[in-house]
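A look at the structure
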There are 2 protein chains.
Amino acid sequence: MDRLRALRYFAKLAQTLSFSETADHFRVPSSSVSRRIKDLEADLGAALFVRTTRSVSLTDLGKLYLGEIAPALQSIEIADEMVQAQSVAPTGTVRITAMPGYAELYVLPAVQKLRSLYPDIEFDLNITDQVLSLSSNEADIAIRAASELPDHVIARRLGDHTFKLVASPDYINRNGAPRTSDDLRDSPVFMYRTPRGVLNWQMKKNGNWETVDLAPKYVSNHGPSILESVVKGQGLALLPSWGIAAEIANGQLEEIDFEDAWLSTSGGVEMGMYLLYHPPKFRLEKVKVSVDSLIADLTRGSCQRNLALSAAM
Amino acid sequence: MDRLRALRYFAKLAQTLSFSETADHFRVPSSSVSRRIKDLEADLGAALFVRTTRSVSLTDLGKLYLGEIAPALQSIEIADEMVQAQSVAPTGTVRITAMPGYAELYVLPAVQKLRSLYPDIEFDLNITDQVLSLSSNEADIAIRAASELPDHVIARRLGDHTFKLVASPDYINRNGAPRTSDDLRDSPVFMYRTPRGVLNWQMKKNGNWETVDLAPKYVSNHGPSILESVVKGQGLALLPSWGIAAEIANGQLEEIDFEDAWLSTSGGVEMGMYLLYHPPKFRLEKVKVSVDSLIADLTRGSCQRNLALSAAM
DNA sequence: AAGACTAATGCTTTTATGACAATAATAGGA
DNA sequence: TCCTATTATTGTCATAAAAGCATTAGTCTT
């Protein structure tokens, strides 16, 4: 038995004191109301109404029951409306996670804009290299580099995530640009540490990608400090293209063309920056508007970067 | 969809965060829980849980929904329990209606006893000649004279309801006992007025019951005052046997044997005093205990009366 | 006294729920 | 790293419940 429906019938019937009117209200035949009420009474083991074929009235127990049930029904109605309103009105917390570096350069300003656009939404921005799971509800939106895309989330490509070997013009003038892996071994190199370990440099040799055995002068999980070290001419680093666009453009850094392509993560796989979010099984407006705004800002940002790069070349 | 069941599943699942545990709790396969929750989510148009095959957690909306739903569910549980408790524990109001005269003689003391027996029950005793409808919920128990019994109520016979022509020994000494209807027309007679009119006297003539055309000296809806007038020797009256048992027994009144039987209401139909109450479709304990107690007292009273009558004869 | 309105009931059709089995996905351990 | 155990989901079927419709029975009104 659909108890909740029976209770709705009960409440309406208690109000109208008419089976037919109640039935009309719910667009069902009056026999349905009659049967549901009867079932309800049988379930409770008590008569709720006194019926004459012509009139209906509440019993003492009916009044008692109504007094308890009516507010509960109302609560349920309200709850439903709240949820449905929530899924339309953008309020609540949106949890965003993003990679350091990229976050500071691009996501932070985008989120600032988002905050001013939707002051009612609360944002929880978690900048970390940890890969927070969307599917286990640790975040609503994830912005990170990825090669192969998770299956159950929607991924919007924000731009490339390729690594460039860079040094300052000053450094190149003093030491020359490295050409071989042996050159590298003699050069001061800086590496990035992720929670899963140091991001090794890999090189293509005879069609295979191999890790280059290097002893880095400086390892950090703080990207900007590595960038700063390179800009200061202290050595070489493999840095993501989006992280050096500005420095390339204004001449602070130069890209070093190596004999082969270089990659930091597992060999040669094409990587990109992605914005990831739950498939919109159900329309969570707060997530939707955030995604839309972020995508707009971040892809625009990446276009600008690309333009800047082109200009530098 | 049984929404209430879905909500119960939801509440339990939000608490346990385990489909299988929830399913065990309700003794249903976990697939049922899974489906009900999915249906609920589809109905609401919003995701309530984030599921991994290994773990379940509430979404923001889920928490919100739970906050509204949980108290409502509890209210419904409480309401159910209240009703079921009510139908077992004898509390609340019992409305009793009874005929004047009979009520004062027999019902009043019985109700007094009932009140002391069940101090938690409230009694509403309506002494009237009006025939209050049980079926339209105007009373829980009715005690009245009846010939043919209503169909949808339970009737317990309390005793006869036959009318006797009586006068005081003093009156008979002075005027002699009437023998014919003509005798009656010359005698001072007292009649009872019901809400439906004066209770006419009827007589069997050639097998047919006919109303005797009399000009009563005194008409009242107050039985005791008619009785008193008769006892004082002021005239004759047709009085119910249960109303004159004591006076017959102690010699204050004498029954007059007439040439035919006499009746007050529609001709010659056998009438009785009945206690009427709703068929116990559902066990309303307060009514049940009241009926039991009243029946016990009133039938015992009627036995005593009968004994008293026998003794007087 | 008859008609109109209302609730209940009997029956059929449709719907949805539960049961069982199988699958997919993950966490933990050897 | 592979294997196993646990957990949620999906597919299919049988069953139970609800709706729909027509009819009956009982009141109130004119």
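Residues numbered from 1 in each chain as written. Chains lettered and ligands numbered in written order. Predicted model: local features only at pLDDT ≥ 70, side-chain atom pairs only at ≥ 80, totals over all residues. Heavy atoms only, no water.

A few words now on the protein's contact with DNA strand D. In the neighbourhood of DNA strand D, 26 residues make up the surrounding shell, with Met1(A), Pro29(A), Lys38(B), Arg51(B) and Arg54(B) lying closest. Of all atoms in DNA strand D that approach within 4 Å of the protein, 70% are sugar or phosphate atoms. At 2.9 Å, a backbone N or O of Phe19(B) approaches a phosphate oxygen of DNA strand D. In this structure, a phosphate oxygen belonging to DNA strand D sits 2.8 Å away from a side-chain N or O atom of Ser34(B). Among the residues forming the surface near DNA strand D, the class breakdown is six nonpolar, ten polar and ten charged. (Near = heavy atom within 4 Å. Polar contact = N/O pair within 3.5 Å; in protein donor to acceptor, adjacent residues only side chain to side chain. Nonpolar A, V, L, I, M, F, W, Y, C, P; charged D, E, K, R; others polar.)

What follows deals with the protein's contact with DNA strand C. The environment of DNA strand C is made up of 26 residues, and the closest members are Lys38(A), Arg51(A), Met1(B), Arg5(B) and Pro29(B). Within 4 Å of the protein, atoms of DNA strand C come from sugar and phosphate in 70% of cases. For DNA strand C, a phosphate oxygen lies 2.7 Å from a polar atom in the backbone of Phe19(A). If you list the elements that add at least two residues to the surface near DNA strand C, you get α2 (19–26) and α3 (30–44) of chain A together with α1 (3–16) and α3 (30–44) of chain B. The greatest single-element share of the surface near DNA strand C, amounting to five residues, is contributed by α3(B). (Helix = DSSP H or I, 4+ residues; strand = E, 2+ residues; numbered from the N terminus.)

Grouped together as the largest cluster of nonpolar side chains are 53 residues, with contacts concentrated most on Phe10(A), Phe49(A), Tyr65(A), Phe10(B), Phe49(B) and Tyr65(B). When sequence neighbours within four positions are dropped, the list of residues in contact with Tyr65(A) reads Arg3(A), Leu7(A), Phe10(A), Leu40(A), Leu44(A), Leu48(A), Ala79(B), Asp80(B) and Val83(B). (Core = buried A, V, L, I, M, F, W, Y, C linked by side-chain atoms within 4.5 Å. Buried < 20%, exposed > 50% of the residue type's maximum accessible area, 1.4 Å probe, protein only. Contact = heavy atoms within 4.5 Å.)

Residues and elements named next belong to chain A. Spatial ordering of the open sheet is given by β4-β3-β5-β16-β6, a layout of five strands whose pairing is mixed. Of all strands in the sheet, those bounded by a partner on one side alone are β4 (121–127) and β6 (154–160). Direction aside, the axes of adjacent strands within the sheet are offset by 20° on average. (Pairing = 2+ DSSP bridges. Axes fitted to C-alpha atoms, helices over the stretch in contact; angles between N-to-C directions.)

The next thing to look at is the sheet that holds strand β3 (residues 92–98) of chain B. Residue and element names in this part refer to chain B. If you walk across this open sheet you meet the five strands as β4-β3-β5-β16-β6, and the pairing is mixed. Strand pairing shows two members of the sheet lacking a second neighbour, β4 (121–127) and β6 (154–160), which therefore form its edges. The mean angle between the axes of side-by-side strands here comes to 20°, regardless of whether they run parallel or antiparallel. Across six bridges, the pairing between strand β5 (residues 141–146) and strand β16 (residues 272–277) is antiparallel. Paired with Ala142 across the bridge in β16 is Leu276. Strands in contact with helix α5 (residues 102–117) are β3, β4, β5, β6 and β16; relative to β4, the strand with the most contacts, it is inclined by about 175°.

We now examine the relation of the copies chain A and chain B. If you rotate chain A by 179° and push it 0.1 Å along the axis, it lands on chain B with an RMSD of 0.3 Å. Given the turn and translation reported, the copies of this chain are related as if by a two-fold rotation axis. (Least-squares fit on C-alpha atoms with pLDDT ≥ 70 in both.)

The next thing to look at is helix α8 (residues 223–231) of chain B. When α8(B) is considered as a whole, its buried residues turn out to be Ser225(B), Ile226(B), Leu227(B), Ser229(B) and Val230(B). In this structure, the buried side of α8(B) is in contact with β7 (163–167), β8 (189–194), β12 (218–220), β13 (236–240) and α9 (241–249) of chain B.

Residues and elements named next belong to chain A. Most of strand β7 (residues 163–167) sits inside the fold, with four of its five residues counted as buried. By the bridge criterion, four bridges tie β7 to strand β13 (residues 236–240) in an arrangement that is antiparallel. Within the sheet, the bridge partner assigned to Phe163 lies in β13 and is Pro240. Bridge analysis of β7 against strand β14 (residues 254–255) gives two bridges, and the strand direction is antiparallel.

Here the focus is the interface of chain A and chain B. Counting from both sides, the interface comprises 44 residues of chain A and, opposite them, 44 residues of chain B. Roughly 3,700 Å² is buried in total at the junction of chain A and chain B, and carbon and sulfur atoms are behind 64% of that figure. The interface formed by chain A and chain B contains four salt bridges. Residue Lys286(A) pairs with Asp60(B) through a salt bridge whose shortest N-O separation is 2.8 Å. One can count six residue pairs in polar contact (both at pLDDT 80 or more) joining chain A with chain B. Mapped by element, the contributors of at least two residues to the side of chain A that touches chain B are α1 (3–16), α3, β1 (49–51), β2 (56–58) and α4 (60–86) of chain A. The leading source of residues in the side of chain A that touches chain B is α4(A), at 16 residues. (Buried area = accessible area lost by both parts, 1.4 Å probe. Salt bridge = Lys/Arg side-chain N within 4 Å of Asp/Glu carboxyl O.)

With that out of the way, let us pick up unusual backbone geometry. Despite not being glycine, Leu17(A) shows a phi value in the positive range, around 55°. Among the secondary structure elements, Leu17(A) is positioned in the loop between α1 and α2. The backbone phi angle of Arg27(B) is positive, close to 60°, even though this residue is not glycine. Topologically, Arg27(B) is positioned in the loop between α2 (19–26) and α3. Its relative accessible area of 75% is what places Arg27(B) among the exposed residues.

Quick look at the packing of aromatic side chains now. For the structure shown, the criterion picks out twelve aromatic pairs over all chains. For the ring pair Tyr9(A) and Phe26(A), a centre distance of 4.9 Å and an interplane angle of 55° mean the geometry is tilted. Placement of Tyr9(A) in helix α1 and of Phe26(A) in helix α2 is noted, with a sequence separation of 17 residues between them. You can call Tyr9(A) buried: its relative accessible area is 3%. Ring centres of Tyr102(B) and Tyr106(B) lie 4.9 Å apart, and the angle between their planes is 45°; this geometry places the pair in the tilted category. Within this pair, Tyr102(B) and its partner Tyr106(B) are both found in helix α5, separated by four residues, close to a single helical turn. The exposure class of Tyr102(B) is buried, given its relative accessible area of 3%. For Tyr106(B), a relative accessible area of 18% corresponds to the buried category. Each member of the aromatic cluster is reached from another via a ring pair, and the members are Phe10(A), Phe49(A) and Tyr65(A). (Phe/Tyr/Trp six-rings, centres within 6.5 Å; stacked < 30°, edge-to-face > 60°.)

Right, let's get into the pattern of salt bridges. Here the structure, examined in full by the defined rule, presents 30 salt bridges over all chains. When the shortest N-O distance is used, the salt bridge between Asp43(A) and Arg3(A) registers 3.3 Å. With Asp43(A) in helix α3 and Arg3(A) in helix α1, this residue pair connects regions lying 40 residues apart in the sequence. Judged by its relative accessible area of 45%, Asp43(A) is partly exposed. Here the salt bridges share partners, and the residues they tie into one network are Arg3(A), Asp43(A) and Asp80(B).

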